[in-house]
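Here's the letter readout for the chains.
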Amino acid sequence: MELTMAAEELKTVVNRLRRAQGQIAGVIKMVEEGRDCEDVVTQLAAASRALDKAGFAIIATGLQRCLTDADMAAPEDREQMRARLEKLFLSLA
């Protein structure tokens, strides 16, 4: 399944991923500096949420595309598509 997204959707996902990248860099620096455990975990949780949101946005785009494609697909193809998306969704749960 190819990842095709509208420009605005793509921009939103990339921004979330960049935010997570910055937060992860911050966590690494905090750990290296021996910062307070609570602060490190709080920052790590924020990075995790940003990654989850990006993942869910990507999956939502896949679902939307699959719903559009499902009208033209054979029943076994629709079932295979559903199973793949379910597996992706559960990987983020």
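Residues numbered from 1 in each chain as written. Predicted model: local features only at pLDDT ≥ 70, side-chain atom pairs only at ≥ 80, totals over all residues. Heavy atoms only, no water.

Attention now goes to the overall build of the protein chain. A count of helices and strands for the protein chain gives three helices and zero strands. Listed by position from the N terminus, the elements making up the protein chain come as α-α-α. Looking at the protein chain as a whole, 23% of its 93 residues qualify as buried. For the protein chain, contacts bridging at least 24 residues in sequence account for 69% of all contacts bridging at least 6. Within the structure as shown, the protein chain displays about 6,800 Å² of accessible surface, and the carbon and sulfur contribution to it stands at 58%. (Helix = DSSP H or I, 4+ residues; strand = E, 2+ residues; numbered from the N terminus. Buried < 20%, exposed > 50% of the residue type's maximum accessible area, 1.4 Å probe, protein only. Contact = heavy atoms within 4.5 Å. Areas by Shrake-Rupley, 256 points an atom, 1.4 Å probe, with all protein chains shown as cover.)

Here the focus is a nonpolar patch on the surface. Together, Leu17, Ile24, Ile28 and Leu51 give the surface a local cluster of nonpolar side chains, amounting to about 310 Å² of exposed area. Top contributing element to the nonpolar patch by residue count: helix α1 (residues 7-32), with three residues. By secondary structure assignment, the location of Ile28 is in helix α1. The exposure class of Ile28 is partly exposed, given its relative accessible area of 46%. (Patch = residues over 30% accessible without salt bridge, like charges linked within 9 Å, V, L, I, M, F, W, Y side chains within 5 Å. Salt bridge = Lys/Arg side-chain N within 4 Å of Asp/Glu carboxyl O.)

The next subject is α1. Because an α-helix completes one turn every 3.6 residues, residues spaced three or four positions apart along the sequence face the same direction. Over its 26 residues, α1 extends 37 Å from the first C-alpha to the last, a length consistent with the 38 Å expected when each residue adds 1.5 Å. Of all the residues in α1, the buried ones are Val13, Ala20, Gln23, Val27 and Met30. Trailing α1 by a residue or two, Gly34 shows a phi angle of about 70 degrees, which is positive. (Expected span 1.5 Å × (residues − 1).)

We now examine the pattern of salt bridges. Scanning the model with the defined rule gives one salt bridge in all. Ionic pairing is found between Arg35 and Glu33, a salt bridge with its closest N-O pair at 3.8 Å. Taking relative accessible area as the criterion, Arg35 reaches 42% and is therefore assigned partly exposed.

For the rest of this paragraph, the subject is the confidence of the model for the protein chain. Here the protein chain averages 82 in pLDDT, and 86% of its residues register 70 or above. Across the protein chain, the secondary-structure element scoring lowest on mean pLDDT is helix α3 (residues 75-92), at 77, and the one scoring highest is α1, at 90. (pLDDT = per-residue confidence, 0-100.)

To continue, consider the side chain of Gln23. With respect to the element layout, Gln23 can be found in helix α1. A residue is classified by how much of its surface remains accessible, and Gln23, at 15% relative accessible area, is buried. Each residue touching Gln23, except ones within four places of it in the same chain, is listed here: Gln43, Ala46, Ala47 and Ala50.

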